[in-house]
Amino acid sequence: MSETRSDGELLRAAADGERRAFEELYRRYAPWLTARLRGRCADAGVVDDVVQETFLAIWRGKARYREDGAAGDAAGWLWRIGSRRLIDALRGDGARGRLRHALARLRHRDEASAEERVLAGVEHGDLAGALVGLSPELRAVLQATVIDGLTTREAAVLLGIPPGTVKTRAMRARRQLREALA
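**Q** How should the overall build of the chain be read in this particular structure?
**A** Counting its regular elements, the chain contains 10 helices and zero strands. For the chain, the succession of helices and strands along the chain, N to C, is α-α-α-α-α-α-α-α-α-α. If you take every contact in the chain between residues at least 6 apart in sequence, the share linking residues at least 24 apart comes to 56%. With the model as given, the accessible surface of the chain reaches about 11800 Å², and the carbon-plus-sulfur share is 52%.

Written out as structure tokens, the structure reads:
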């Protein structure tokens, strides 16, 4: 008779390459993660791909669970990985999107992209100093919503904070930047 292992034990063993632990973890959480992600995305194919990518990240050791309280419970940890991968997939930044971007960079190697030109101006202008003056929390929200172009909800999932907090921090960041640049 086998002893039932905790989620943390399964996650660590699966990341270390133990096939049975990985299979048990998958049986335990794949249906739950699939159901939660389908509440966010109607495309069952995208959701299935995201669930597979989430568990592959664990199997390949790219995602490591820490049972020290920083990662939270196993379900919450899996949800954070899966929801971030869903955001990437919906925004086209999954594997296909990354390949498109890499190919585009190869085609236009000698040309600076619009983003590179803007960022070069930011690094050397007054805005750079103003951005450095923001707290890390405010800069993270600006990074997610302005630079990365995420919606408030997407930024909230990525940063692990409520959407209302994202809005409040974005408003405070804009106000502080206006004051710094005035």
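**Q** Is there a simple way to explain the environment of Tyr29 in this structure?
**A** Note on placement: Tyr29 falls in helix H2 (residues 19–38). By relative accessible area, which is 12% here, Tyr29 ends up buried. Distance in space between the C-alpha atoms of Tyr29 and Phe55 is 9.5 Å, their sequence separation being 26 residues. Setting aside its immediate chain neighbours within four residues, Tyr29 contacts Asp7, Phe55, Ala74, Ala75 and Leu78.

**Q** In this structure, what is going on with helix H1 (residues 7–15)? I would like to understand it.
**A** Turn by turn, an α-helix covers 3.6 residues, leaving residues three or four places apart pointing in a common direction. Turning to H1, its buried residues are Gly8, Leu10, Leu11, Ala13, Ala14 and Ala15. In this structure, the buried side of H1 is in contact with H2, helix H3 (44–59) and helix H4 (74–90). Gly17, located one to two residues past H1, shows a positive phi value of around 95°.

**Q** I would appreciate a short explanation of the packing of H1 against H2 in the present structure.
**A** How two helices sit against one another is set out by the angle between their axes and by the gap between those axes. Relative orientation of the contacting elements H1 and H2 amounts to 130°, with a least axis distance of 8 Å. As judged from the angle between their axes, H1 and H2 are oblique. The handedness of the crossing between H1 and H2 comes out as left-handed. Of the residues in H2, those touching H1 at Asp7, Leu10, Leu11, Ala13 and Ala14 are Ala21, Phe22, Glu24, Leu25, Arg28 and Tyr29. By residue class, the composition of the contact of H1 with H2 is eight nonpolar, no polar and three charged.

**Q** Before we go on, may I ask you to explain a positive patch on the surface in this structure?
**A** A grouping of Arg36, Arg40, Arg153 and Lys167 is seen on the molecular surface, where their side chains present a positively charged patch. Mapping Arg153 onto the fold places it in helix H9 (residues 152–159). A relative accessible area of 68% means that Arg153 is categorised as exposed.

**Q** For this particular structure, what's the right way to read the packing of aromatic side chains?
**A** Centre distance and the angle of the planes are the two values used to describe a pair of aromatic rings. By the definition in use, this model includes four aromatic pairs. Judged by centre distance (6.0 Å) and plane angle (80°), the ring pair of Tyr29 and Trp32 falls under edge-to-face. Within this pair, Tyr29 and its partner Trp32 are both found in helix H2, separated by three residues, close to a single helical turn. Grouping aromatic residues by their ring pairs yields a cluster made of Phe22, Tyr26 and Phe55. The ring centre of Trp79 lies 4.0 Å from the NZ or CZ of Arg36, which sits over that ring.

Conventions used here
- By convention here, each chain's residues receive numbers from 1 onward along its written sequence.
- Two thresholds apply to this predicted model, a pLDDT of at least 70 for residue-level local features and 80 or more for giving and counting side-chain atom pairs, whereas whole-chain, interface and lining totals are computed over all residues.
- Working from all heavy atoms in the structure, the side-chain values ignore hydrogens and water.
- Under the DSSP-based scheme used, a helix requires at least four consecutive residues in state H or I and a strand at least two consecutive residues in state E, with every element numbered from the N terminus.
- Note on contacts: a residue pair qualifies if any of its non-hydrogen atoms lie within 4.5 Å across the two residues.
- Note on areas: Shrake-Rupley, 1.4 Å probe, and residue coverage restricted to the protein chains presented here.
- Residue exposure (1.4 Å probe, protein chains only): buried if accessible area is under 20% of the type maximum, exposed if over 50%, otherwise partly exposed.
- Structural elements are reduced to axes, namely lines fitted to C-alpha atoms, with helices fitted over the stretch in contact, and the angle between N-to-C directions of any two is expressed from 0 to 180 degrees.
- Roughly parallel refers to an angle under 35 degrees, roughly antiparallel to one over 145, roughly perpendicular to one between 65 and 115, and oblique to any angle outside these ranges.
- By convention the crossing between two helices is left-handed if the near helix lies anticlockwise of the far one by an angle smaller than a right angle, and right-handed if it lies clockwise.
- In this count, Pro and Cys sit with the nonpolar residues alongside Ala, Val, Leu, Ile, Met, Phe, Trp and Tyr, while Asp, Glu, Lys and Arg are called charged and the others, Gly among them, polar.
- Only residues whose relative accessible area exceeds 30% and that take part in no salt bridge are eligible for patches, with like-charged residues grouped when within 9 Å of each other and nonpolar side chains (Val, Leu, Ile, Met, Phe, Trp, Tyr) grouped when within 5 Å.
- Salt bridges are defined by distance alone: a side-chain nitrogen of Lys or Arg within 4 Å of a carboxyl oxygen of Asp or Glu.
- A positive count includes Lys and Arg, and a negative count includes Asp and Glu. His and the chain ends are not counted in either.
- The location of each charge is read from NZ of Lys, CZ of Arg, CG of Asp or CD of Glu.
- Any two rings among Phe, Tyr and Trp, with Trp reduced to its six-membered ring, count as a pair given centres within 6.5 Å; such a pair is stacked if its planes are under 30 degrees apart, edge-to-face if over 60, and tilted if neither.
- Charge-over-ring contacts are defined here by two conditions on Lys NZ or Arg CZ: a distance within 6 Å of the ring centre and an angle within 35 degrees of the ring normal.

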